[in-house]
Amino acid sequence: MVQFSQENLAKVEEIIARYPAERQKSALMPLLHLAQEQWGWLSAETMDYVAGLLKLEPIEVYEVATFYTMYNLKPVGKHVFEVCHTGPCMLRGSDDILAYLKEKLGIGVGETTADGLFTLKTAECLGACGYAPMMQMGKYYKEHLTKEKIDRIIEECRTQAAANN
């Protein structure tokens, strides 16, 4: 059964307490972030659990989780590359960056490398048009991307993974 850790249950109470009793649904996105942080992705069972905590219908949680690209609805790699593919980034070469990542990692969009290290996704506007082409890696933006920068980013991720094993 899915259940938050005791530490995260305390965070759940703190998050829900931020909102008036009749507006508990406002805690949905922070709770989904917390759930994804604990389990790495949002399974149907996890979303149902969050719905129960907030006294929502599961569909209300599914609607939010499926709308936003920041939520992972299946297991993902240790490093998730979300390449912006809207107009400004495309004009600055995001299609080329995306193609290079596919080739370099040997995966398509929505796929994870066999070693579980990388997942490739696309994202709608990430609000950094002046730094295009760009991608998001977790909390961080990688901007003014080139093939050389992509090579360095991938190598840094691999080095970090090797050091942690």
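Up top is the structure these notes are about.
Computed from a prediction, not measured in an experiment: that's the story for all the values here.

**Here we look at the nonpolar core**
Then step 1. One finds Leu28, Leu31, Leu32 and Leu54 to be the most contacted residues of the largest nonpolar core, which totals 23 residues.
Then step 2. Those elements that provide at least two residues to this core are helix H1 (6-17), helix H2 (28-39), helix H3 (44-54) and helix H4 (58-67).
Then step 3. Once you skip the residues sitting within four places of it in the chain, Leu32 turns out to touch Leu42, Val50, Val61, Val64, Ala65 and Tyr71.
Then step 4. Ile107, Leu120, Met137 and Cys157 belong to the second-largest nonpolar core, a separate cluster that totals 19 residues.

**A few points about unusual backbone geometry**
Then step 1. Residue Pro133 follows Ala132 across a cis peptide bond; omega there is -10°.
Then step 2. When you line up the elements, Pro133 lands in the loop between strand E2 (118-123) and strand E3 (135-137).
Then step 3. Positive phi is not limited to glycine here, since Lys55 has a value of about 55°.
Then step 4. Relative to the assigned elements, Lys55 resides in the loop between H3 and H4.

**What about the packing of H2 against H4?**
Then step 1. Contact pair H2 / H4: the axes reach a minimum separation of 11 Å and the direction vectors enclose 75°. When the axes of H2 and H4 are compared, the pair comes out roughly perpendicular. Every residue of H4 that contacts H2 at Leu28, Met29 and Leu32 is listed here: Glu60, Val61, Val64 and Ala65.
Then step 2. Its residues assigned to classes, the contact of H2 with H4 comprises six nonpolar, no polar and one charged.

**Concerning the packing of aromatic side chains**
Then step 1. Counted according to the given criterion, the structure contains six aromatic pairs.
Then step 2. Taking the centre distance of 6.4 Å and the plane angle of 85° together, the rings of Trp39 and Tyr49 count as edge-to-face. Of this pair, Trp39 sits in helix H2 while Tyr49 sits in helix H3, and the two are ten residues apart along the sequence.
Then step 3. Ring plane angle 85° and centroid distance 4.8 Å describe the contact between Phe67 and Tyr68, whose orientation is recorded as edge-to-face.
Then step 4. Aromatic rings pair up to connect Phe4, Trp39 and Tyr49 into one cluster.

**Observations concerning a nonpolar patch on the surface**
Then step 1. A grouping of Phe67, Tyr68 and Met70 is seen on the molecular surface, where their side chains present a nonpolar patch of about 300 Å² in accessible area.
Then step 2. Tracing the chain through its elements places Tyr68 in the loop between H4 and strand E1 (79-84).

**A few points about H4**
Then step 1. Those residues of H4 lying buried are Val61, Val64 and Ala65. Buried positions in H4, seen along its axis, are confined to an arc of 95° and lie on one side of it. Turned more than 90 degrees from where H4 packs its buried face, Thr66 and Phe67 sit exposed.
Then step 2. In this fold, the buried residues of H4 make contact with H2 and H3.

**What about helix H6 (residues 94-105)?**
Then step 1. In this model, H6 (twelve residues) spans 16 Å end to end at C-alpha, consistent with the 16 Å of a helix rising 1.5 Å per residue.
Then step 2. All buried positions along H6 are accounted for by Ser94, Ile97, Leu98, Tyr100, Leu101 and Leu105. When H6 is viewed along its axis, its buried side chains cluster within an angular range of 160° and face the same direction. Facing away from the buried side of H6, by more than 90 degrees, are the exposed residues Asp96 and Glu103.
Then step 3. Remark: Gly106 follows H6 within two positions and exhibits a positive phi of approximately 70°.

**Examining the packing of H6 against helix H7 (residues 147-164)**
Then step 1. Axis separation between H6 and H7 bottoms out at 10 Å; the angle between their running directions is 40°. Relative to H7, H6 is oriented oblique. Taken as a pair, H6 and H7 cross one another with a handedness that is right-handed. Two secondary-structure elements touch here, H6 through Ile97, Tyr100, Leu101, Lys104 and Leu105 and H7 through Lys147, Ile150, Asp151, Ile154 and Arg158.
Then step 2. Of the residues that constitute the contact of H6 with H7, the class distribution is six nonpolar, no polar and four charged.

Criteria and cut-off values
- Residues numbered from 1 in each chain as written.
- Predicted model: local features only at pLDDT ≥ 70, side-chain atom pairs only at ≥ 80, totals over all residues.
- Heavy atoms only, no water.
- Core = buried A, V, L, I, M, F, W, Y, C linked by side-chain atoms within 4.5 Å.
- Buried < 20%, exposed > 50% of the residue type's maximum accessible area, 1.4 Å probe, protein only.
- Helix = DSSP H or I, 4+ residues; strand = E, 2+ residues; numbered from the N terminus.
- Contact = heavy atoms within 4.5 Å.
- Axes fitted to C-alpha atoms, helices over the stretch in contact; angles between N-to-C directions.
- Parallel < 35°, antiparallel > 145°, perpendicular 65-115°, else oblique.
- Nonpolar A, V, L, I, M, F, W, Y, C, P; charged D, E, K, R; others polar.
- Phe/Tyr/Trp six-rings, centres within 6.5 Å; stacked < 30°, edge-to-face > 60°.
- Patch = residues over 30% accessible without salt bridge, like charges linked within 9 Å, V, L, I, M, F, W, Y side chains within 5 Å.
- Areas by Shrake-Rupley, 256 points an atom, 1.4 Å probe, with all protein chains shown as cover.
- Salt bridge = Lys/Arg side-chain N within 4 Å of Asp/Glu carboxyl O.
- Arc of directions from axis to C-beta.
- Expected span 1.5 Å × (residues − 1).
- Left-handed = near helix turned anticlockwise from the far one by under 90°.

Keep in mind these numbers describe shape, not what the thing actually does.
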